[in-house]
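What follows is each chain in one-letter form.
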Amino acid sequence: MGIIVWCVLFAIVIFIAFVATRMAAQNKEDSLHDTGLAIIEFGRAFPNEAIRQLQATENGQAIFVRLHDNKAGLMRNMARHFSCHLIEPGRVRVVSSETGRGLAIEFLDAPNHNGKFEFASPKEASEVALWLLGNYIAEPDKDLPAGHISAANKQ
């Protein structure tokens, strides 16, 4: 009788280990590579924002969103849920990474989203940097003072 109890306990332990490894593998596979999911989740978080373009990171754990009015957003996989963030003008700092294919981004309003984001190519990283830099300058700072001619505009 004792050997049967030990065999059943051993089988239960093996089953629990199998289930735990499958759940861990499923969490690892969860990503934002599905752009349809990204559109739905970002639209649910910000229903009044129209999406123009999406750009996913190389590992699929984050998607940068270009919005209709030259604003930008970020959607990240946060292990058990997706987090959406609307980037406010002038509230982000961007530096190119050492690889040239990524960006080190600091969000002043949401420091939990800070990090390094690697893209598949330097072209994709520069595209996202342009979105963020368009967002980097506050609206009042975009207009040049009247009568001011920059050196680039002198003929």
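Above this note sits the structure.
On a predicted model such as this, the values are computed, not experimentally measured, just so you know.

A closer look at the pattern of salt bridges
One pass over the full model with this rule turns up seven salt bridges. Note that Glu 49 and Lys 71 form a salt bridge whose closest N and O atoms lie 2.9 Å from each other. Taken together, the residues Glu 49 in the loop between α2 (35-45) and β1 (51-56) and Lys 71 in the loop between β2 (62-67) and β3 (72-77) connect sequence positions 22 residues apart. Across the pair, Lys 71 and Glu 49 agree in class, each one buried. By sharing partners, the salt bridges in this structure join Glu 49, Asp 69 and Lys 71 into a single network.

Some words on the packing of aromatic side chains
One pass over the full model with this rule turns up three aromatic pairs. Measuring from ring centre to ring centre gives 5.8 Å for Phe 64 and Phe 119, while their planes differ by 50°; the resulting arrangement is tilted. Placement of the pair is Phe 64 in strand β2 and Phe 119 in the loop between β7 (115-118) and α3 (122-136), with a sequence separation of 55 residues. Residue Phe 64 is classed as buried on the basis of its relative accessible area of 1%. The class of Phe 119 is buried, set by a relative accessible area of 0%. In this structure an aromatic cluster arises from ring pairing among Phe 64, Phe 117 and Phe 119.

Side note on a nonpolar patch on the surface
On the surface, Ile 3, Ile 4, Val 5, Trp 6, Val 8, Leu 9, Ile 12, Phe 15, Ile 16, Phe 18, Val 19 and Met 23 cluster together to form a nonpolar patch covering roughly 1,200 Å² of accessible area. Looking at the element boundaries, Phe 15 is found in helix α1 (residues 2-29). For Phe 15, a relative accessible area of 55% puts it in the exposed group.

Things to note about the sheet that holds strand β4 (residues 82-87)
With antiparallel pairing, the four strands of this open sheet are ordered in space as β1-β2-β3-β4. Each edge of the sheet is formed by a strand with only one pairing partner; in this case those strands are β1 and β4. The sheet shows a mean angle of 20° between the axes of neighbouring strands, direction not considered. Two elements, β3 and β4, share six bridges in a ladder whose sense is antiparallel. By the bridge assignment, Met 75 is partnered in β4 with Cys 84.

Calculation notes
Think of each chain on its own: its residues are numbered from 1, step by step along the sequence as written. pLDDT decides what is reported in this predicted model: residues at 70 or higher carry local features, side-chain atom pairs at 80 or more are listed and counted, and totals for whole chains, interfaces and linings draw on all residues regardless. Values reported for side chains reflect all heavy atoms of the structure, with hydrogen atoms and water molecules removed beforehand. Here a salt bridge means any side-chain nitrogen of Lys or Arg lying within 4 Å of a carboxyl oxygen belonging to Asp or Glu. Working definition: helices are DSSP H or I runs of at least four residues, strands are E runs of at least two. Numbering for both runs from the N terminus. For the exposure calls, accessible area comes from a 1.4 Å probe over protein chains only, and a residue counts as buried if that area is under 20% of its type's maximum, exposed if over 50%, partly exposed in between. Between rings of Phe, Tyr and Trp, where Trp is taken as its six-membered ring, a pair exists when centres lie within 6.5 Å; planes separated by under 30 degrees are stacked, by over 60 edge-to-face, and by other angles tilted. Like-charged residues are merged into a patch within 9 Å and nonpolar side chains (Val, Leu, Ile, Met, Phe, Trp, Tyr) within 5 Å, provided each residue has over 30% relative accessible area and no salt bridge. Per-residue and other accessible areas were derived by the Shrake-Rupley procedure at a 1.4 Å probe size, with only the shown protein chains allowed to occlude residues. Should DSSP find at least two bridges between two strands, the strands are regarded as paired. Between the N-to-C directions of two axes lies an angle of 0 to 180 degrees, each axis being a line fitted to C-alpha atoms and, for a helix, fitted only over the stretch in contact.

Note that all results are geometric; they support no functional claim without further evidence.
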